[in-house]
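# Observations on chain architecture
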Amino acid sequence: KRGILLYLVGLGLSAYPFFPLRTDPELSFLQNWIHWAGHVRVLGVLPRIAICYVLASVLVLSLKNTKRLIGVIVLFCLLHVGLLLLFAGPEGAFTLEGNFARKLDMIVLGNHIYHGYGLPFEPEGLLGVLTSTSTVLLGYVIGEQVKKNVPVEASARIFSISAGLLLGGLALSLFVPINKPLWSASYVLYAAGWASFVFALCIYLIDVRGWEKPFFPFKALGMNALILFVLSGLLMRTIELLTGWDHSLIFGKNEFISLCYSVVYMIVHLIIAVILYKKKIFIKL
C-alpha cells in the first residue's frame, strides 16, 4: 500500500499542473493536451523509491538473513553490469547514447521518459531498479548494526563498513564507471560508502557525544521529508505557471548563480520544515 501511494504521489508530481505549460499555437487545446499526456514521465525519484521499497521489503521479509541479502545485492549488481555490457550499442556500454538501460526504457515506456539530457533517457529507469534495490538492501544491512549494537560499537562497525564500500566502489570504478544516472554497480558501493560514513559520524556525534542541537535543521527536514520534496516541485512549477518567471533570465546562467539559487530555495524549505516541526505537524505515508 505504501509503495503504491508513493508511486501515485510521484506520478502526480510529474504530471502537475495536469495540462501542458508549453503549447503549440497551431494545435487546439485538446490536441496539445493529448500530446502532453502522451509524454508524461511515468517514472522519477518517488516512483523509483516506491518500486525499490516494495521489492526490497519482499526480499527482506522473505530471506530473513543478512548473508542472503548480501548475496542478492551482489547478484543484482552483476546482472546490471552484465546486461549493460551484453546489449551495449556501438557507442559504448556506459555512454548516454549506447547504454542498454536507455534502449529498454524506450522500448517499454516509449515517450514517457525524461528528456533533460538532450535526448530521451530515464535516469530512474527500469534497469536501474536492480542496483537501486541493492542500495536499499545495503541500507537495511547497515541499519541492522544499529539494532544489534550500542551506539559506540555501531558507529565503529559502520565506519569500517563505509571504508570497505568506498574502497570497493573505487576499485570497481576501474572497470565500471561511477555513474549516478545509470546507478552503476560502482556507484552503489561508492554512494553507500559515503552515506554510511556520514551515518556513522552522526551516530557518534549525536548518540555518543550528545551533540543533538546542531543537527536540528536536518531533524526538522527529515521528519517531513516527503511533503517537502513534493512541495519543492509544486512551488517552482506553480511560480512558473502563474508568472512565467525564470531566475536565469534575470541573474544569468552559470554555476555560481545556480548554487546561490539552490541555497536560497533550500533555506525557504528549511523554514517551512522548522515551522511544521514546531507545530508538531508530520505528514507521512
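Above this text is the structure in question.
Source: prediction; values computed, not measured. (Residues numbered from 1 in each chain as written. Predicted model: local features only at pLDDT ≥ 70, side-chain atom pairs only at ≥ 80, totals over all residues. Heavy atoms only, no water.)

## Observations regarding the overall build of the chain
Short version of the rule: Working definition: helices are DSSP H or I runs of at least four residues, strands are E runs of at least two. Numbering for both runs from the N terminus. Partly exposed residues are those whose accessible area sits between 20% and 50% of the maximum for their type, while under 20% is buried and over 50% is exposed, using a 1.4 Å probe and protein chains only. In this analysis, two residues are considered to be in contact whenever any of their non-hydrogen atoms come within 4.5 Å of each other. For the charge count, each Lys or Arg is scored as positive and each Asp or Glu as negative, with His and the chain ends excluded. By convention, the point assigned to a charge is CZ for Arg, NZ for Lys, CD for Glu and CG for Asp.
Secondary structure summary: the chain contains 12 helices and zero strands in total. What you see in the chain, going N to C, is helices and strands ordered as α-α-α-α-α-α-α-α-α-α-α-α. The buried share among the 285 residues of the chain stands at 34%. Pairs at least 24 residues apart make up 65% of the contacts formed inside the chain by residues separated by at least 6 positions. Taking the average location of the 23 positive side-chain charges in the chain and that of its 14 negative ones, the two points are 14 Å from each other.

## A look at the packing of helix 3 (residues 45-63) against helix 6 (residues 128-148)
Each packed pair of helices is defined by two parameters, the angle between the axes and the distance between the axes. Keep this limit in mind: Here an axis means a line fitted to C-alpha atoms, over the contact stretch when the element is a helix, while the angle between two N-to-C directions is reported on a 0 to 180 degree scale. Orientation labels follow simple angle bins: below 35 degrees gives roughly parallel, above 145 gives roughly antiparallel, 65 to 115 gives roughly perpendicular, and whatever is left gives oblique. Here a crossing is taken to be left-handed if its near helix is turned anticlockwise relative to the far helix by less than a right angle, and right-handed if that turn runs clockwise. Any residue that is not Ala, Val, Leu, Ile, Met, Phe, Trp, Tyr, Cys, Pro, Asp, Glu, Lys or Arg is counted as polar, Gly included; the first ten are nonpolar and the last four charged.
Two elements in contact, helix 3 and helix 6, have axes whose closest approach is 9 Å; the angle formed by their N-to-C orientations is 60°. One finds that helix 3 runs oblique with respect to helix 6. Once helix 3 is placed against helix 6, the crossing between them reads as right-handed. Listed contacts from helix 6 to R48, I51, C52, L55, A56, L59 and V60 of helix 3 are G128, V129, S132, T133, V136, L137 and Y140. Its residues assigned to classes, the contact of helix 3 with helix 6 shows 10 nonpolar, three polar and one charged.

## Looking at unusual backbone geometry
Cis geometry marks the peptide bond from Y16 to P17, where omega comes out at 10°. Take P17: it is sitting in the loop between helix 1 (2-15) and helix 2 (29-37). Located in the positive-phi region is F18, a residue other than glycine, with phi close to 70°. If you trace the backbone, F18 turns up in the loop between helix 1 and helix 2. One non-glycine residue, K64, adopts positive backbone phi at about 55°. Its location among the elements puts K64 in the loop between helix 3 and helix 4 (66-86).

## Quick word on the side chain of T133
Put simply, the test is: Polar contact is the term for a pair of N or O atoms within 3.5 Å; when the atoms are in protein, one must be able to donate a hydrogen and the other to accept it, and sequence-neighboring residues count only if both atoms are side-chain atoms.
Tracing the chain through its elements places T133 in helix 6. Here V129 takes part through its backbone oxygen, which lies 2.6 Å from a polar atom of the side chain of T133. For T133, the residues in contact, after removing those within four places along its chain, are C52, L55, A56, L59 and F76.

## With respect to the packing of aromatic side chains
Just so we agree on the cut-off: Two aromatic rings, drawn from Phe, Tyr or Trp (for Trp, its six-membered ring), form a pair once their centres lie within 6.5 Å of each other, and the interplanar angle then sorts them: stacked below 30 degrees, edge-to-face above 60, tilted otherwise. Comment: the charge-over-ring label is applied if NZ (Lys) or CZ (Arg) is within 6 Å of the ring centre and within 35 degrees of the ring normal.
Throughout the structure, instances matching the rule amount to 13 aromatic pairs. Note on W33 and W36: the rings are 5.7 Å apart at their centroids and 50° apart in plane angle, and the pair reads as tilted. Placement of the pair is W33 and W36 together in helix 2, with a separation of three residues, close to one helical turn. Ring plane angle 85° and centroid distance 5.4 Å describe the contact between Y117 and F121, whose orientation is recorded as edge-to-face. F121 gets classed as buried once you look at its relative accessible area, which sits at 2%. Here the aromatic cluster, defined as three or more aromatic residues joined through ring pairs, consists of F159, Y190, W194 and F197. Geometry around Y53 places R2 over its ring, the cationic atom sitting 4.9 Å from the centre.

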